[in-house]
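Descriptive analysis of the structure
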Amino acid sequence: MKQTPGSTTPRATVATFSTVTMPAVSVANGAAPAAESSIDLPLFDISHESSELGREIVQAAAKHGFLWISGSPSSSSANDGDQGSYDLDAATVQNVFDIGSRFFKGASGAEKAACKITKNRGFVDMKVENLDPQSHARGDFKQCFNLAEPDPDTCAWRQPLPPQFSESAADAALRDFHARCRAVATRVLRLIALGLGIEDADWFVKSHEKSPYTVRMLYYPQLPAGTDYRADADIRAGAHSDYGSITLLFTRPGQPGLEILQDDGNWARVPISPPGYHDPDFPPIVVNIGDLLQFWTNGLLKSTVHRVVLVEEEQPLEQRPSASTAAALGTDRYSIAVFVQPADETVLVPVPSRAVSERAAAFQKVQIGSGGGSATAETLGQTTAGEHLLGRLRATYGIAVTG
Ligand SMILES: O=C(O)CCC(=O)C(=O)O
Ligand SMILES: [Fe+2]
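About the thresholds
- Residue numbers run consecutively from 1 along every chain, following the written order of its sequence.
- As they are written, the chains are lettered A onward and the ligands numbered 1 onward, keeping that order.
- Under the rules for a predicted model, residues below a pLDDT of 70 receive no local features and side-chain atom pairs below 80 are neither given nor counted, while totals for whole chains, interfaces and linings still include all residues.
- For side-chain calculations, the full set of non-hydrogen atoms in the structure is used, while hydrogens and water are omitted.
- UniProt positions are given in the numbering used here, feature names are shortened, and annotations may be inferred rather than shown by experiment.
- When the centres of two rings from Phe, Tyr and Trp lie within 6.5 Å, Trp using its six-membered ring, the rings pair. Their planes under 30 degrees apart give stacked, over 60 give edge-to-face, and anything left gives tilted.
- Secondary structure follows DSSP: runs of H or I at least 4 residues long count as helices, runs of E at least 2 residues long count as strands, and numbering of each begins at the N terminus.
- Summary of the burial criterion: residues with accessible area below 20% of their type's maximum are buried, those above 50% are exposed, and those between are partly exposed, where the area comes from a 1.4 Å probe applied to protein chains only.
- Remark: a charge is flagged as sitting over a ring if the NZ atom of Lys or the CZ atom of Arg is within 6 Å of the ring centre and within 35 degrees of the ring normal.
- Two kinds of site are reported from a 1 Å grid over the protein atoms alone, namely cavities, where a 1.4 Å probe fits but cannot get out, and pockets, open sets with protein on both sides within 12 Å along at least five of seven lines, and residues are called lining when an atom falls within 4 Å of a point.
- Grid points are joined across faces, edges and corners, and a volume is the space filled by probe spheres set on the points.
- Two cysteine sulfurs form what is called a disulfide whenever their separation falls within 2.5 Å.
- Counted as coordinating are nitrogen, oxygen and sulfur atoms within 2.8 Å of the metal, or 3.2 Å for Na, K and Ca, while water is not included, which may make sites look incomplete.
- One heavy atom suffices: a residue is near a molecule or strand as soon as one of its heavy atoms comes within 4 Å of it.
- Polar contacts here mean pairs of N or O atoms no more than 3.5 Å apart (in protein, one a potential hydrogen donor and the other a potential acceptor; neighbouring residues in sequence count only if both atoms are side-chain atoms).
- For every accessible area listed, the method is Shrake-Rupley and the probe measures 1.4 Å; residues are considered covered only by the protein chains on display.
- Pairing between two strands requires that DSSP report at least two bridges joining them.
- Comment: axis = line fitted to C-alpha atoms, over the contacting stretch for helices; angle = value between 0 and 180 degrees taken between N-to-C directions.
- Contacts were defined at the residue level, with two residues in contact if any of their heavy atoms lie within 4.5 Å.
- Angles below 35 degrees are treated as roughly parallel, those above 145 as roughly antiparallel, those between 65 and 115 as roughly perpendicular, and all remaining angles as oblique.
- Residues are sorted three ways: Asp, Glu, Lys and Arg are charged, Ala, Val, Leu, Ile, Met, Phe, Trp, Tyr, Cys and Pro are nonpolar, and all the rest, Gly among them, are polar.

With an unreviewed UniProt entry as reference, the protein chain is termed Fe2OG dioxygenase domain-containing protein, source organism Cladophialophora immunda. Under the heading Sequence similarities (unreviewed entry), UniProt records this for the protein chain: "Belongs to the iron/ascorbate-dependent oxidoreductase family."

**Here's the deal with the packing of aromatic side chains**
Geometry of an aromatic ring pair is reported as the spacing of the ring centres plus the angle between the planes. On inspection of all chains with the given rule, the structure shows twelve aromatic pairs. For the pair phenylalanine 103 and phenylalanine 123, a centre-to-centre distance of 5.5 Å together with 80° between the ring planes defines the contact as edge-to-face. Of this pair, phenylalanine 103 sits in helix 2 (residues 90-106) while phenylalanine 123 sits in strand 6 (residues 122-124), placing them 20 residues apart in sequence. For the pair phenylalanine 103 and phenylalanine 123, a shared accessibility class is recorded, and that class is buried. Ring geometry for phenylalanine 204 versus tryptophan 296: centroids 5.3 Å apart, planes at 45°, classification tilted. Remark: tryptophan 296 occurs in helix 7 (residues 291-296) and phenylalanine 204 occurs in helix 6 (residues 203-208); sequence separation between them is 92 residues. For the pair phenylalanine 204 and tryptophan 296, a shared accessibility class is recorded, and that class is buried. Among the aromatic residues, those joined into a ring-pair cluster are Phe103, Phe104, Phe123, Phe145, Phe165, Tyr219 and Tyr334. Taking the ring centre of tryptophan 267 as reference, the NZ or CZ of arginine 307 above it sits at 3.9 Å.

**Observations regarding empty space enclosed by the protein**
Counted by the stated rule, this structure contains two cavities of 30 Å³ or more. Computed from the structure, the largest cavity encloses a volume of approximately 40 Å³. Along its surface, the largest cavity is lined by Val96, Phe97, Gly100, Ser101, Phe104, Met217, Leu218, Tyr334, Ser335 and Ile336. Looking at the lining of the largest cavity, the elements with two or more residues in it are helix 2, strand 8 (214-220) and strand 16 (333-340). Among the elements that make up the lining of the largest cavity, the one with the highest residue count is helix 2 (five residues).

**Some points on the layout of surface pockets**
Its volume calculated, the largest pocket comes out at about 830 Å³. Counting only elements with at least two residues in the lining of the largest pocket, the list comes to strand 7 (143-148), strand 8, strand 9 (237-240), strand 10 (246-251), strand 14 (306-308), strand 16 and helix 11 (385-397).

**Regarding the state of the cysteines**
Two cysteines, two sulfur atoms, one covalent bond between them: this is a disulfide. The tally for this structure, following the rule as stated, stands at zero disulfides. Cysteine cysteine 144 is unpaired, with the sulfur of cysteine 115 as its nearest cysteine sulfur at 11 Å. Classification of cysteine 144 by relative accessible area gives buried; the value is 0%. Sulfur of cysteine 155: no disulfide; nearest cysteine sulfur belongs to cysteine 181 and is 18 Å away.

**Describing the coordination of the iron ion (ligand 2)**
The protein atoms that coordinate the iron ion (ligand 2) are His240 (NE2), Asp242 (OD) and His306 (NE2), at distances of 2.1 to 2.2 Å. In primary-sequence terms, the residues that donate to the iron ion (ligand 2) follow H-x1-D-x63-H.

**Topic: the site of ligand 1**
All residues in the neighbourhood of ligand 1 are listed as Arg216, Leu218, Tyr220, His240, Asp242, Leu249, His306, Val308, Arg333, Ser335 and Phe339. Between an oxygen atom of ligand 1 and a side-chain N or O atom of histidine 306, the distance comes to 3.1 Å. In isolation ligand 1 has 300 Å² of accessible area, and contact with the protein removes 97% of it. Every element with two or more residues in the shell around ligand 1 is listed here: strand 8, strand 14 and strand 16.

**Comments concerning the environment of leucine 43**
Mapped onto the secondary structure, leucine 43 falls in strand 4 (residues 43-45). Here the alpha-carbon distance between leucine 43 and asparagine 266, two residues 223 residues apart in the chain, equals 22 Å.

**Let's talk about the sheet that holds strand 8**
As a general point, the strands of a sheet are linked pairwise by backbone hydrogen bonds and lie either parallel or antiparallel. Across the sheet, which stays open at both edges, the eight strands sit in the order 4-5-13-10-16-8-7-6 with mixed pairing between neighbours. With partners counted over all chains shown, the strands left at the sheet margins are strand 4 and strand 6, one partner each. Across the sheet, the mean angle from the axis of one strand to that of its neighbour is 25°, orientation sign disregarded. Summarising the sheet, strand 8 and strand 16 pair through seven bridges and their orientation is antiparallel. Counterpart to tyrosine 219 in the pairing with strand 16 is tyrosine 334. Its contacts with the sheet place helix 2 against strand 6, strand 7, strand 8, strand 10 and strand 16, and it is angled at close to 110° to strand 16.

**Focus: unusual backbone geometry**
Of note, asparagine 120 is a non-glycine position whose phi angle comes to about 65°, a positive value. Among the structural elements, asparagine 120 can be located in the loop between helix 3 (109-114) and strand 6.

**A short note on the side chain of aspartate 234**
Its place among the elements puts aspartate 234 in the loop between strand 8 and strand 9. When its relative accessible area of 3% is taken as the criterion, aspartate 234 is described as buried. Polar side-chain contacts of aspartate 234 include one of 2.8 Å to the side chain of arginine 138.

**Considerations on the packing of helix 1 (residues 51-63) against helix 5 (residues 168-196)**
For the pair helix 1 and helix 5, interaxial distance at closest approach is 7 Å and the crossing angle is 90°. When the axis of helix 1 is compared with that of helix 5, the two are roughly perpendicular. When helix 1 is examined against helix 5, the residues Ser51, Leu53, Gly54, Arg55, Ile57 and Val58 are found in contact with a partner set consisting of Leu191, Ile192, Leu194, Gly195 and Leu196. Taken together, the residues of the contact of helix 1 with helix 5 break down into seven nonpolar, three polar and one charged.

Quick look at the structure:
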């Protein structure tokens, strides 16, 4: 569905930062206690670009590290209003979710094995990736597929694709999705640069130009009766921060589970859409800040720790399965995370912004990132984006998949 500027979603508004209490749900999420509250993140319409909007986005990224965006660069085009195109419309996004689900549910074991993860690209099976190895003895209860952007010079994919992705309509849709996500990410990176007062609005964009982004399709299956999932020890995606500069996250109505860690040490649920959002069938995109952008800004922007838990609706007592009729756990959840990061050779020097340089001294010993392979600002300053990413991947997958 198209969104027209100014009509459906407010521009740079809804900057509410409150935490509200939600009705009880029972959550099985590993050792840590479940989130009891839900966070109301700010929503920004990125159809237009301005320093003011940039400053508001920077403010939200500094406070929460998470925000919602709607609208897109092309919806502000000269052909305004109903004629304006929208980079990531409901049908485009749904189509990519459908392609992913055809793979996760339809591919044979052999097809999945043939595109198994190597060098951070390809299929990751249940319990293979452990995003929080300190808290969980075995890997996350999810499957995912990391699809790197095709090579812009040769147009070739950089990895083997399963048949569900390589048939021509799916292949074209996945290329198109990558291109649209890049356009949206470019807009967000420019807005952040404007908001930080960097003279060159393309300062971030330039170091991202030659870097293939990763579209990660995720599938957290409903767990069958008799599953060995243990609510006190296992999790869908362990607590972690993202490694790159920003992540665009697409979720589906009725499939909750994302939680973020707040400053007070409590977890807060991120609802699928802001309260009263105009289109309940097509949620806005979640944007979160990754470790590299936290580092680049001397900690001004926050790479917030988050996780995905198994959520179960609270059922009235009389409808709960008896001990003798074991029931399936949770519901299927699909999401798509687009990891945006600079080229491997980018040297991680702080960005040329006064707001950032004022923070330099205090930031040197601060821990960047959470989860395996995290670093301090002091060590990151002597490294490149590629070296940092490799360290994080080694810690969460083991050396085998990164080499
Ligand atoms: O599935 C989600 O909602 C989040 C996934 C995530 O945080 C990740 O893959 O880094
Ligand atoms: Fe993440």
